[in-house]
2 protein chains.
Amino acid sequence: MRMPGEAHALVRQTHQERVLRALRERGSLSRGEIAEAVGLSRTTISEITRDLLRDGAVVVVDTDAAQRAGSGRPAERLALDPDSGQFLGVDFGHRRVHVAVADASHDVVASGRQTYSDGAGWPERITTAFALIDRLGHDRGLHFRALHGIGIGVTGPHPRSSAPHAPEGAFGPGFAAARDDVDVAFAERFGASVIVDNNTRFAALAEALAGDAIAENLLYVRLSDGVGGALVIGGRIVPGATGLAGELGHVTVVPGGARCRCGKDGCLETVASVPAILAACRERGADVGSLDELARSRDPAIVQVLRETAEVLGRALGTIAMVFNPSEVVIGGEIARLAPVLVERAAETAGRELFPWVAAKPLVRCARLADDDGALGALAALFRSSPLLADHPEPAPIRALPA
Amino acid sequence: MRMPGEAHALVRQTHQERVLRALRERGSLSRGEIAEAVGLSRTTISEITRDLLRDGAVVVVDTDAAQRAGSGRPAERLALDPDSGQFLGVDFGHRRVHVAVADASHDVVASGRQTYSDGAGWPERITTAFALIDRLGHDRGLHFRALHGIGIGVTGPHPRSSAPHAPEGAFGPGFAAARDDVDVAFAERFGASVIVDNNTRFAALAEALAGDAIAENLLYVRLSDGVGGALVIGGRIVPGATGLAGELGHVTVVPGGARCRCGKDGCLETVASVPAILAACRERGADVGSLDELARSRDPAIVQVLRETAEVLGRALGTIAMVFNPSEVVIGGEIARLAPVLVERAAETAGRELFPWVAAKPLVRCARLADDDGALGALAALFRSSPLLADHPEPAPIRALPA
């Protein structure tokens, strides 16, 4: 049996986590006391504490000189940095960036958003985000000196290299730009490790953790300018073999249907995106130009369009749910909140796609979180990348700041 | 951040695994040498080796007296029990049980099969399996004294409790029987920990490991008396929220189509199971009563039926693949080998369901393994339940048979 590289990393991170936990629980300790507390050799402890000191997660607070009776070099006492334990979640949408800062106890201690223009390039987006983070730090007295990690949500498939030949516009503005440098920019600015993923995936993870009970298996779809999706299985985001997992918007639902911007025909996105729904309403004679107008209108043609859309959506969700057996199916996007009939009818239809004799059907529901879901999901992903938590999920639910 | 009980168990098993690995790689070692090799304290090593000796995974082979110049108590040298590293994979199909035995190096050292009648109850099935295992042990001189674990594949959803209201016959004979005792029967007989799962899931895991490179993300469908399926994501079997993941056979492919034994209409199983394919051939006037006759016949109507079936199958596989993004899609069952057109045409159709601009499409292929896939998959799941390789649910502590 070989020990793969990841296993080595797991063992190292497991050890780190045990050391941090001992310090968290007991306050300051010498290296010898740490070794005793966690049952590892002095050599191993020296290596681990060296890394933790270098990363700023741990600081030298004093020596045990005061307590020592005998001679010899006093041993350093180590403790968690009081300012450590901050996590930064950043979500770059098509037209705004959202930032959330959590402390070591997973509470969101600051959050905010800032818009940029639709066609803004990555340098402008990153500058906007840095300014927002500076402002939040200033307002809340946060220093970001020892960030545990930064999670960054971006639009479109991740990694970018998974879609090298995607047509212009297939994933909206910003995708084609050299966004792959965003992680470098943040790592250099803050000196912390960075994880990047698609922001719909982060939103799905945030939804999985947003309820009283964690949904370990969740299917997420977001109806917006396009239709995105993501899977959480066993409490983790599913990236897929080439980073393309979760593309529910591009499942064929109308064979030979309308051409989709992805190049296929009859994708779910051609039926269930907000522009597609508005267009269908107008085709039926309803005078709606925007989502707000759709929500306010009492035109029965609109309800009919929403019902038909929900049935198509529900069949697709039911098919996927039959194969992956989630406990929750979450429909996100503003329209899901504004038009409850969409979620209700999709739930009914999806239910009919599942075994009729199974009582425990997945809960099909509207998303709980709103525009900040990507940033909260990025935070959740950071918490989960802690190895003991990742393998044995138990983090507290993430709660947004009260407005 | 708390350290949950499972995390403690993970750490303990991780340490055990590192000790076993050191012994596997280096042969006999003293406890001091083990401590040095794995970077753990002497106290921790003493505890771990005590447990391993008690469980029979490790034995005392000699002392280092011969190598010692100085005085003092000679240190014991420990090694893996030569008979220790056995794993037992058992696959209970509808009409036969298949058994495979692997040693610590993961080589299959014995395997065999034994039929039972279609309606055989679990007591008969288990007795048949025990007799087969006894015979294999006798023929090969295997003692099964210190089995590392037993993996058992069964038909139908797992856990059984996930489908309490399944109609009679929905999952074939044997499902309704009290098969939940099968793990107890094996645990008592062999004094080893047991994992049980659906045998199609085990087959999928075996396929994921059967190639030169491990397919970490694989979608598996088996065309047989029914149509089963399974997902491997990140190298692991996906069980789903209630144990029902992978039911590709019950995805709706013909809305309002023929009634399926599951109670829904137009499921993939009503089109792509072997009985459904044979019935379709006969409807088109082809005189085929069995799979062998279908394979031998040159009737063009049969090719046409196979093509149409493959298109329905390919669309379903493509839809699922768009959401899961697997690297491989595997079609199992004897008919996939006998009728290559089925796999070829399904691959073409599935490919059209995916992004046209993505070059790295999943490989759609016929299964590599045959009837022994379930037993091999059960072995693979056992290997993966080694904590460093995966966190497959709950491998109970390894117990040796009482002397």
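What you are looking at is a predicted structure, and each value in this text was computed from that prediction instead of being measured.

### Quick look at the environment of Glu308 of chain B
All names here are of chain B.
Inference 1: Mapped onto the secondary structure, Glu308 falls in helix α10 (residues 300–324).
Inference 2: The exposure class of Glu308 is partly exposed, given its relative accessible area of 31%.
Inference 3: It is 10.0 Å that separates the C-alpha atoms of Glu308 and Ile277, two residues lying 31 residues apart in sequence.

### With respect to the sheet that holds strand β7 (residues 147–154) of chain A
All names here are of chain A.
Inference 1: The 5 strands are arranged β6-β5-β4-β7-β8 in an open sheet whose pairing can be described as mixed. Of all the strands in the sheet, just β6 (108–115) and β8 (194–198) have a single pairing partner and so form its edges. Averaged over all pairs of adjacent strands, the angle between their axes in this sheet comes to 15 degrees, without regard to strand direction.
Inference 2: Where β7 meets β8, 5 bridges bridge the pair, whose relative direction is parallel. Looking across to β8, one finds that Ile150 is bridged to Val194.
Inference 3: Contacting β4 (86–92), β7 and β8, helix α6 (residues 199–210) crosses the sheet at an angle of about 95 degrees to β8.

### Description of the pairing of strand β3 (residues 76–80) of chain B
Where a strand is regular, its side chains alternate between the two sheet faces.
All names here are of chain B.
Inference 1: As defined by bridge partners, strand β1 (residues 29–30) adjoins β3 across 2 bridges and the pair is classed as antiparallel. Counted as the bridge partner of Ser30 is Arg77 from β3.
Inference 2: Summarising the sheet, strand β2 (residues 58–63) and β3 pair through 5 bridges and their orientation is antiparallel. Bridged to Val58 within β3 is Leu80.

### Considering the nonpolar core
Inference 1: Counting 102 residues, the largest nonpolar core has Ile331 of chain A together with Phe324 and Ile331 of chain B as the members making the most contacts within it.
Inference 2: Counting residues in hydrophobic clusters, the runner-up holds 30 residues, among them Leu40, Ile48 and Leu78 of chain A together with Val38 of chain B.

### Some remarks on the packing of helix α2 (residues 31–38) of chain A against helix α3 (residues 42–55) of chain A
All names here are of chain A.
Inference 1: Between α2 and α3, whose axes approach to 9 Å, the crossing angle comes to 115 degrees. Regarding the angle of α2 to α3, the classification is roughly perpendicular. As for how α2 packs across α3, the hand of that crossing is right-handed. Of α3, the residues touching α2 (which contributes Arg31, Gly32, Ile34, Ala35 and Val38) are Arg42, Ile45, Ser46, Thr49 and Leu53.

### With respect to the pattern of salt bridges
Inference 1: Applying the stated criterion across every chain, the model contains 34 salt bridges over all chains.
Inference 2: The partner of Glu207 of chain B in a salt bridge is Arg365 of chain B, and the shortest N-O contact between them spans 2.9 Å. You can see Glu207 of chain B sitting in helix α6 (residues 199–210) and its partner Arg365 of chain B sitting in strand β13 (residues 363–366), a full 158 residues away along the chain. Summarising the burial analysis for this pair, Glu207 of chain B and Arg365 of chain B share the class buried.
Inference 3: Within the structure, one salt-bridge network assembled from shared partners comprises Arg50, Asp51, Arg54 and Asp55 of chain A.

### Some details on unusual backbone geometry
As a rule of thumb, non-glycine residues mostly have phi less than zero, and peptide bonds are mostly trans rather than cis.
Residue and element names in this part refer to chain A.
Inference 1: Positive phi, close to 50 degrees, is recorded for Asn325, a residue that is not glycine.
Inference 2: Within the fold, Asn325 resides in the loop between α10 (300–324) and β12 (328–332).
Inference 3: Overall, the relative accessible area of 8% leaves Asn325 in the buried class.

### Quick notes on the confidence of the model for chain A
Inference 1: Predicted confidence across chain A gives a mean pLDDT of 84, with 83% of residues reaching 70 or more.
Inference 2: Mean pLDDT values over the elements of chain A span from 35, in helix α14 (residues 387–391) of chain A, up to 98, in helix α7 (residues 269–272) of chain A.

### A short note on the packing of aromatic side chains
Inference 1: Scanning the model with the defined rule gives 13 aromatic pairs over all chains in all.
Inference 2: Aromatic side chains Phe355 of chain B and Trp357 of chain B sit 4.6 Å apart centroid to centroid with 20 degrees between the ring planes, which places their arrangement in the stacked category. For the residue pair Phe355 of chain B and Trp357 of chain B, the accessibility class agrees, reading buried in each case.
Inference 3: Put simply, the rings of Phe92, Trp122, Phe130, Phe186 and Phe190 of chain A pair up and form one aromatic cluster.

How each quantity is defined
- Sequence order as written defines the numbering, with residues in each chain counted from 1.
- The order in which chains are written sets their letters, starting at A; the order in which ligands are written sets their numbers, starting at 1.
- Confidence filtering applies because this is a predicted model: local features only for residues at pLDDT of at least 70, side-chain atom pairs given and counted only at 80 or more, and all residues used for totals across whole chains, interfaces and linings.
- Excluded from the side-chain calculation are hydrogens and water; included are all heavy atoms of the structure.
- A helix here means a DSSP run of H or I that spans at least four residues, while a strand means a run of E at least two residues long, and both kinds are numbered starting from the N terminus.
- Burial classes follow relative accessibility: with a 1.4 Å probe on protein chains only, a residue under 20% of its type's maximum area counts as buried, one over 50% as exposed, and anything between as partly exposed.
- Two strands form a pair only when DSSP identifies at least two bridges running between them.
- Working convention: axes come from line fits to C-alpha atoms, limited for helices to the stretch in contact. Angles between N-to-C directions cover 0 to 180 degrees.
- Should any heavy atoms of two residues lie within 4.5 Å, those residues are considered in contact.
- The nonpolar core is taken to be a set of buried Ala, Val, Leu, Ile, Met, Phe, Trp, Tyr and Cys residues, with the residues joined through side-chain atoms within 4.5 Å.
- By the definition adopted for this analysis, an angle is roughly parallel if under 35 degrees, roughly antiparallel if over 145, roughly perpendicular if from 65 to 115, and oblique otherwise.
- When the near helix sits turned anticlockwise from the far one by under a right angle, the crossing is termed left-handed; a clockwise turn instead gives a right-handed crossing.
- Any carboxyl oxygen of Asp or Glu that lies within 4 Å of a side-chain nitrogen of Lys or Arg is treated as forming a salt bridge with it.
- Along the chain, pLDDT gives the predictor's confidence residue by residue, from 0 to 100.
- Note on aromatic pairs: the rings of Phe, Tyr and Trp (six-membered ring only in Trp) are paired at centre separations within 6.5 Å, and the planes decide the class, stacked below 30 degrees, edge-to-face beyond 60, tilted for the rest.

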